[in-house]
Structure formats: structure tokens, C-alpha cells
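# An overview of the molecular structure
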Amino acid sequence: VPDVPRDSEKTDTTTVSVVEDKIKKYCEKTPSDILFLIDSSSSIWPLHFRDIVQFTLKVIDLFDVSPNKTRIGVTLYSDDVKPVLHLDNQLNSKELKNTISNIHQLKGGTETGKALKHARENEFNENYSRKTAASKVIILLTDGQSIRPEDTLTEAKKLKEENITVFVIGIGNRTDREELKTIASSARHQYNLQDYNALSTIKNMLVVKTCTVHFQFQDSANDDSEETCWDTPRDVMFVYDSPAIGIHRSKIIRKAITEMYKLMLIGSNKTRAGVLSHYCPTDVDTGIQDFQNEQSFLQSVKRQPNDGLRRLLRVLRTRSFPREEHIKKPVKKVGIIFLDREEHDSRDVIEEARRTALTSRLFVITIGNRVASHAVESLCSDFKHRCVFHVSQYNSLVQYVPDIMDMVCYS
């Protein structure tokens, strides 16, 4: 899978073009049938509906559309279901996009269950099947809750039984996240966005995930066991320098860690987790009575530590992971480091990270644009494999939790 950077506010046109070319090249050999199910109910403002249409067009741009490669279908739904393009259409990419550009909003309620049923019975059936093997994918976009949640749940289960992968994109604060969770094929197939502007931030990753559906299905078909990645015993430590990052941003990181924890199988024989965020040695603190003169005060100030991350990594290496004398099966040791700036003592930090990497697998989550790439590469255990995940801003961190855990789990 190409190492796809996230969209940032200052990404230039050349960089975007290079990234999209990589994605196109990667996906061109993967045959797929992709059906867009677009909520067209009255709760969506007309301008926002156009945002969804534009997002759909940009996603389609990254696929090699043809009858033998990627086939695209589009269906609108509200109280009723209106097919715009069936999967077996013979349009080329330009004709396809022209048709989608001219669609109009239906208005009405949100019959998500009816839309899923239509997709299963009228799109992914024998009439629209192809000779060569291809992944079956639904990308559902909605801003609200379905009118009949029981029907939605029933239809979602039937899609999973027929190995149809469903990506769900919930937009705004009126969605029911639990309902979206039941529709999506798994947690990594669900996106919860704050607003329509956030659609652009998931485009690249959504396309790459869609291209890998075929291989994920093949792997699961060849594996008779029910074991998942997180069934392998792991000790996971989350590391961030809370005093340096600040209170508000530390809260966001803790929220992300909470969501990561939920995705892991926690148990005595599975994965154990811990957090290392604050290292404040008391031996460098001094009281008022300790200052005898100006010189002693200034020397005390100079002794105050500003190497928090290096100290945290040392604690991670020496004291965080339990000893394994009584453990029959080796436990993988994993450290997940959050960074939002370059450390002033980067050489010492890198050296400590290298020592830690001798016995543990280190991953780095970078947030914002203040972290130098060379520093991140040096912190990684093995940069040949993916061990860095970049998030453009703190507000997007929780949104990318499933992708981060995929990297940790399968790397």
C-alpha cells in the first residue's frame, strides 16, 4: 500500500498530483465494483448535497474506470431509492462524471435499510456479475439516522453474509454512530466527520482501502482460523510528553488513546496497555529555603529538565514492560509515540529510541507540520515497513484511530 500522506492546509498542487498518481498506479490492477449510496434526504442542505457529489467525483477520478477494471454505480436514496448509474453501465470516465454532476437531490426521509436492500438485490446480483473476480464495495454517505433502524440492521447483516464490503461516512452531529457501526463492515470501514469540509481529508485513504478490499477478502478466505491480529499477545505503551504538549492537546491524545484501547482485544492472554505521559523528577525541584544566594537560584533554574521525551523513552525501555520469566509465549512489546514538534535534544532522543527499539517495536504518530521527517524516520524501529502515521491537525486525530491501529496491528 502506498504511504499516503493526509491532506494538510498547505499542500501544494504538485504534491497532490504526485500522491494521486501513486494511488492511481496502485489501484489500477485491482478490479472492483463500487456502488455509491448517497443520502438524498431533506436533512441535507442543497449546497452540502453538491459537496457530496463533488467528493464522489474526486474519488472516482482516482480509479481506472472501465468494464474490465473498476465499475462504478451510483444510487440516491431518501424515502425511495433512485438508481442513477447501474454497475454494468458502459460509460467511459468522462461520460460517467457528466452524469453524476447532473444529479438532483430527491428530498424526503432517510430509508437507509431500503437503500441497502436495493444494492444487494438489484446491483450485486447475477445480472451484474462479471467473469473475472472483483471486490464488491458499497460507499454509503449520510448525515442522519435511518427511519427504520431494524430494517437497516437486517440488511447490513445480509450484505456481510454475501461478502460485500461497506464503507460508511457519517457527516455532522445528527448521525447515530452505533447504527453506522452496525452498517460498516468493521471499525476501519467507518468514518465519522464533523462537517462536509472534512470529506477531502479522507479521500486518499478511502480509495486505498477500497483497493485493498480484494486482497483482504482473499486472505480471509484462505484462513480457516478466527484469529485476528490482536489475538497475538502484545504489551502496548502509549507515550507522549504531556507538559510539552499542553493540557488541551493532551486531552485530545487521551481521547484518541481511549478509542484505540476499544479496538484492541484486552485480556490476560491478549493485549495489555499502558500510558506514559509525565516524567517530573523531584530531585531537581527546590524550595524557597534552599536558595542561599542569586547564584544558587540561577543554577537551580538551569537544572530544570527539558528533555521529557528522552526521559520517557528511557522509562519505557527500562521499567514499563513487565518481565517475562513466567510467560510461556513471547509477548510483543509495542511503543506508540505521539509527536507534534521536533525535540530540541533530538540526538539524545533518537539515541534513546534506538536503544528502546532493540527490544520493542516503535511507532510514531506525528501531528501538525512542525515535526521534521528525518527525525521521525530515526525514531522508527524499521522505516522500511510503515511505522509513521501523519495527522494534519489535532482535530483529526480521533478520526484516524482505526487507520493508526491497522498500521500497528498489521505492520
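A brief look at the structure comes next. (Residues numbered from 1 in each chain as written. Predicted model: local features only at pLDDT ≥ 70, side-chain atom pairs only at ≥ 80, totals over all residues. Heavy atoms only, no water.)

### Considerations on unusual backbone geometry
Unusually for a residue other than glycine, Lys-107 sits at a positive phi of about 75°. Residue position: Lys-107 is located in the loop between α3 (93-101) and α4 (112-123). One non-glycine residue, Asn-163, adopts positive backbone phi at about 60°. Counting through the fold element by element, Asn-163 comes out in the loop between α5 (149-161) and β5 (165-171). Under the relative-accessibility criterion, Asn-163 is labelled partly exposed at 44%. (Helix = DSSP H or I, 4+ residues; strand = E, 2+ residues; numbered from the N terminus. Buried < 20%, exposed > 50% of the residue type's maximum accessible area, 1.4 Å probe, protein only.)

### Let's talk about the packing of aromatic side chains
With the rule as written, the count across this model stands at 2 aromatic pairs. When the centroid spacing of 5.8 Å and the interplanar angle of 55° are considered together, the rings of Phe-389 and Tyr-400 count as tilted. Here the residue Phe-389 occupies a position in strand β11 (residues 388-391), and Tyr-400 occupies one in the loop between β11 and α14 (401-410), the gap between them amounting to 11 residues. With relative accessibility at 0%, the residue Phe-389 sits in the buried group. The class for Tyr-400 is buried, based on a relative accessible area of 1%. (Phe/Tyr/Trp six-rings, centres within 6.5 Å; stacked < 30°, edge-to-face > 60°.)

### Focus on the pattern of salt bridges
Two side chains of opposite charge can pair, provided their charged atoms sit close to one another. If you walk through the whole model with that rule in mind, you get 19 salt bridges. Taking the shortest distance from any N to any O, the salt bridge between Asp-33 and Arg-71 comes out at 2.9 Å. Taken together, the positions of Asp-33 in strand β1 (residues 32-39) and Arg-71 in strand β2 (residues 70-77) put the pair 38 residues apart, joining distant regions of the chain. By relative accessible area, which is 6% here, Asp-33 ends up buried. Under the relative-accessibility criterion, Arg-71 is labelled buried at 9%. Each member of the salt-bridge network shares a partner with another, and the members are Arg-120, Glu-121, Glu-155, Lys-158 and Glu-162. (Salt bridge = Lys/Arg side-chain N within 4 Å of Asp/Glu carboxyl O.)

### Considerations on α5
For α5, which comprises 13 residues, the first-to-last C-alpha distance of 19 Å matches the rise-based estimate of 18 Å (1.5 Å per residue) to within 8%. Within the sequence span of α5, burial applies to Thr-152, Glu-155, Ala-156 and Leu-159. Angular distribution of buried residues about the axis of α5 spans 105°; they occupy a single face of the element. Turned more than 90 degrees away from the buried face of α5 sit Glu-150 and Glu-161, all of them exposed. Close packing links the buried residues of α5 with α4, β4 (135-142), β5 and α6 (177-183). Following α5 by one or two positions, Asn-163 adopts a phi angle in the positive range, close to 60°. (Expected span 1.5 Å × (residues − 1). Arc of directions from axis to C-beta. Contact = heavy atoms within 4.5 Å.)

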